[in-house]
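The residues making up each chain are set out below.
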Protein chains: 2
Amino acid sequence: MSVVYQRVALIGLGLIASSMFWAIKRGGLAEEVTGFARTPETRATAREIGLCDRVCDTVAGAVEGADLVVLCVPVGAMGSVAAEIAPHLKPGATVTDVGSVKRAVIDAVAPHLPDGVHFVPAHPLAGTEHSGPRSGFAELFDNRWCLLVPAEGTDIEAVANLRKLWEGMGANVDEMDPEHHDLVLAVTSHTPHLIAYTMVGVADDLGRVTDSEVIKYSAAGFRDFTRIAASDPTMWRDVFLSNKEATLEILGRFTEELFALQRAIRTGDGDHLHDYFSRTRAIRRGIIEAGQDVDAPNFGRGKAQV
Amino acid sequence: MSVVYQRVALIGLGLIASSMFWAIKRGGLAEEVTGFARTPETRATAREIGLCDRVCDTVAGAVEGADLVVLCVPVGAMGSVAAEIAPHLKPGATVTDVGSVKRAVIDAVAPHLPDGVHFVPAHPLAGTEHSGPRSGFAELFDNRWCLLVPAEGTDIEAVANLRKLWEGMGANVDEMDPEHHDLVLAVTSHTPHLIAYTMVGVADDLGRVTDSEVIKYSAAGFRDFTRIAASDPTMWRDVFLSNKEATLEILGRFTEELFALQRAIRTGDGDHLHDYFSRTRAIRRGIIEAGQDVDAPNFGRGKAQV
Ligand SMILES: NC(=O)c1ccc[n+]([C@@H]2O[C@H](COP(=O)([O-])OP(=O)(O)OC[C@H]3O[C@@H](n4cnc5c(N)ncnc54)[C@H](OP(=O)(O)O)[C@@H]3O)[C@@H](O)[C@H]2O)c1
Ligand SMILES: NC(=O)c1ccc[n+]([C@@H]2O[C@H](COP(=O)([O-])OP(=O)(O)OC[C@H]3O[C@@H](n4cnc5c(N)ncnc54)[C@H](OP(=O)(O)O)[C@@H]3O)[C@@H](O)[C@H]2O)c1
């Protein structure tokens, strides 16, 4: 791999930023990576574990002279961070972000950026339920998708370089418009997270009644939900507040289907249930064939089960 | 490990029965294990892979002389299978099952069993999304719970022996009454499965519109749901039809909570969302501390990701 950017600045040093740092180092994709996080604790942790070539105590210090600035903060904080960095951006630099929602981030960030700075919003479809500077690892983006969402007329070279960076970090890159991105993600990520949070919340209410039985006997289905529902509350609050329309639309469809299945249970309509449960199997096969998940039972933890 | 039963008969040769066979062999828990499945295909597969010491072409042949008969068929088929085996049961034998619902199975099976035969219903809380005779493995039950649901007054020795068998197969054993079992499982397994099926169904509808994008960009949350929703349609149809009341009750609570979160999104009530998302984290910690799941990000598939 060869250097794509002389200097990259990571603003926010959590799961995504730290994974980007290790992946950039693995690929030799930048000469220097600077970093900034708002709390002294996170900056101290970053220095302790060698996260970033240089951790700066001001956002200005991290951004100055950077060829690429990556906003790695919760979606709801993107606008204020963009306002802060704007005066310090090098002319000709590229600003990108990794936010899970795209329309709202573009609306919040773009107005602050000076002319002569390129804005190429992005979203890596990769994550885990862990967060913070210690949670990252170089392999997070390997063979996962990263979606670029540039506005029409964005500098071609700026887009091409960002693509090169993400490919260098192991990702497959596609382009998409922001509205479509937000709808697809509402289906594949946002609504599933809300539902998992809800189910775990219901179990928690009942858990208090039945002591720790819900935990003790957490069978397959529920265990998986608890992993999803262990994700960062701030990140997900911001996602739902900023992808409101698409999430509410998909939730509406979800509730409709759920009511139909509920009625089938109530009336004993086994055929409806069986048909419904049969067609969803094909999607799983598709995901495995597309190399987006492992086929091992229980994600492979079956055999390794403690 | 020492022999718990001279002869065990497995009726139905799918995921659970085949895992039991390999676990019984690993532990040396029975002198002979016979097996029966209704289709010639399954019996042929069983013979081919060495599943059971003796695969019988009639249910009578498998059951004759057995000290323990295990019903490993879908919940809705338990009653008719019990009726079929009843005339062939050895006096003093124990009949058990592995069904995911207990009240309905007890009501369907118990009336068919002759006096002098002990009935000890059971449910191992372990499974994968795969099914059929080839899907089993000896480690499936290791460190997972198996719940015994004997009626009051059941022969103490019969219960103790079944407990010994499950412990020998690696499981932790608890006793519970059937109604409580069905409610706890509605929370930890049945409702989560219904919800996962629903969400994947919604995505499937939209998937047709947006080509294969839902598969291609299946992000973390959704991928997990597709695994759950790849489970056997017949098994799950039977579970919902036979645990109707508890499932509908939990679904009612789920919908209530979901509507509250939906309203919080619509009205922009970030505090409600953040509070809700924070308390569900504790449950995940509990499950990991209880040794019922791995703490590795993405169930450990993160690093091994293809
Ligand atoms: N996690 C995933 O699965 C995933 C996947 C794809 C995209 N994303 C997106 O990536 C972004 C970062 O997520 P992450 O998982 O890396 O989060 P994370 O591990 O929780 O880290 C968040 C970082 O943002 C900083 N931050 C939080 N609130 C801030 C504020 N109001 N102003 C300035 N900085 C703030 C934090 O600083 P301190 O440490 O100093 O508090 C921390 O360094 C989010 O936009 C998220 O939507 C996440
Ligand atoms: N899978 C899980 O995660 C899990 C976990 C705990 C408990 N359970 C319970 O365990 C039981 C078996 O599940 P499994 O996963 O082992 O299922 P499976 O792999 O699909 O195997 C089911 C077996 O039952 C036989 N069968 C199906 N319908 C029948 C009928 N109407 N009459 C007679 N035999 C019939 C099948 O015979 P053929 O092959 O000849 O068709 C097959 O051998 C179910 O009651 C389920 O609720 C399952």
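Criteria and thresholds
Residues numbered from 1 in each chain as written. Chains lettered and ligands numbered in written order. Predicted model: local features only at pLDDT ≥ 70, side-chain atom pairs only at ≥ 80, totals over all residues. Heavy atoms only, no water. Contact = heavy atoms within 4.5 Å. Buried area = accessible area lost by both parts, 1.4 Å probe. Salt bridge = Lys/Arg side-chain N within 4 Å of Asp/Glu carboxyl O. Polar contact = N/O pair within 3.5 Å; in protein donor to acceptor, adjacent residues only side chain to side chain. Helix = DSSP H or I, 4+ residues; strand = E, 2+ residues; numbered from the N terminus. Near = heavy atom within 4 Å. Areas by Shrake-Rupley, 256 points an atom, 1.4 Å probe, with all protein chains shown as cover. Nonpolar A, V, L, I, M, F, W, Y, C, P; charged D, E, K, R; others polar. Phe/Tyr/Trp six-rings, centres within 6.5 Å; stacked < 30°, edge-to-face > 60°. Buried < 20%, exposed > 50% of the residue type's maximum accessible area, 1.4 Å probe, protein only. Lys NZ or Arg CZ within 6 Å of the ring centre and 35° of its normal. Least-squares fit on C-alpha atoms with pLDDT ≥ 70 in both. Pairing = 2+ DSSP bridges. Expected span 1.5 Å × (residues − 1).

Our next topic: the interface of chain B and chain A. Across the boundary between the two partners, chain B contributes 108 residues, which contact 108 residues of chain A. Looking at the side of chain B facing chain A, the largest losses of area belong to B:Tyr217, B:Ile265 and B:Phe277, adding up to 7% of the total buried there. Summed over the shared surface of chain B and chain A, the result is eight salt bridges. The residue A:Asp224 makes a salt bridge to B:Arg227 at a minimum N-O spacing of 2.6 Å. Taken together, the connections running from chain B to chain A amount to 32 residue pairs in polar contact (both at pLDDT 80 or more). Listed by contribution, the elements that provide at least two residues to the side of chain B that touches chain A are β8 (145-148), α7 (178-209), α8 (213-216), α9 (220-228), α10 (233-242), α11 (244-267), α12 (270-289) and α13 (301-304) of chain B.

Let's shift gears to the site of ligand 1. All names here are of chain A. Neighbouring residues of ligand 1: 26 residues in total, closest Thr39, Thr42, Val73, Ser100 and Gly132. In this structure, an oxygen atom belonging to ligand 1 sits 2.8 Å away from a main-chain N or O atom of leucine 15. At 2.6 Å, a side-chain N or O of threonine 39 approaches an oxygen atom of ligand 1. Surface burial for ligand 1 is 84%, taken as the share of its 910 Å² of free accessible area covered by protein chains. Among the secondary structure elements, those contributing two or more residues to the shell around ligand 1 are α1 (15-27) and β7 (122-124). When its residues are assigned to classes, the shell around ligand 1 shows 14 nonpolar, 11 polar and one charged.

So, about the packing of aromatic side chains. By the definition in use, this model includes 15 aromatic pairs over all chains. On the basis of an interplanar angle of 20 degrees and a centroid distance of 4.0 Å, the ring pair of A:Phe277 and B:Tyr197 is categorised as stacked. Pair noted here: A:Phe277 is in helix α12 (residues 270-289) and B:Tyr197 is in helix α7, and the two residues belong to different chains. On the accessibility criterion, A:Phe277 (0% relative accessible area) is buried. Of the residues examined, B:Tyr197 reaches a relative accessible area of 0% and is grouped as buried. Joined through ring pairs, the aromatic side chains of A:Tyr197, A:Trp236, A:Phe240 and B:Phe277 make up one cluster. A cation over a ring is seen here: B:Lys216 above A:Trp145, with NZ or CZ 4.5 Å from the ring centre.

Turning to the relation of the copies chain B and chain A, a few remarks are in order. Copy one and copy two of the chain differ by a rotation about a common axis and a shift along it. When chain B is fitted onto chain A, the two copies agree to an RMSD of 0.0 Å after a turn of 180 degrees and an axial shift of 0.0 Å. Taken together, the rotation angle and the small translation identify this as a two-fold axis. A shared interface surface links the copies, since 99% of the contact residues of chain B are contact residues in chain A too.

The next thing to look at is the sheet that holds strand β5 (residues 94-97) of chain A. All names here are of chain A. Spatial strand order, β3-β2-β1-β4-β5-β6: six strands in an open sheet with parallel pairing. The strands lining the two open edges of the sheet, one partner per strand, are β3 (54-55) and β6 (118-119). The pairing of β5 with β6 spans two bridges and is parallel. If you follow valine 95 over to β6, its bridge partner there is phenylalanine 119.

Turn by turn, an α-helix covers 3.6 residues, leaving residues three or four places apart pointing in a common direction. Under the 1.5 Å per step criterion, the end-to-end length of α11(B) is 34 Å for 24 residues, consistent within 8% with the ideal 34 Å. Looking at the residues trailing α11(B), positive phi occurs at B:Gly268, about 70 degrees.

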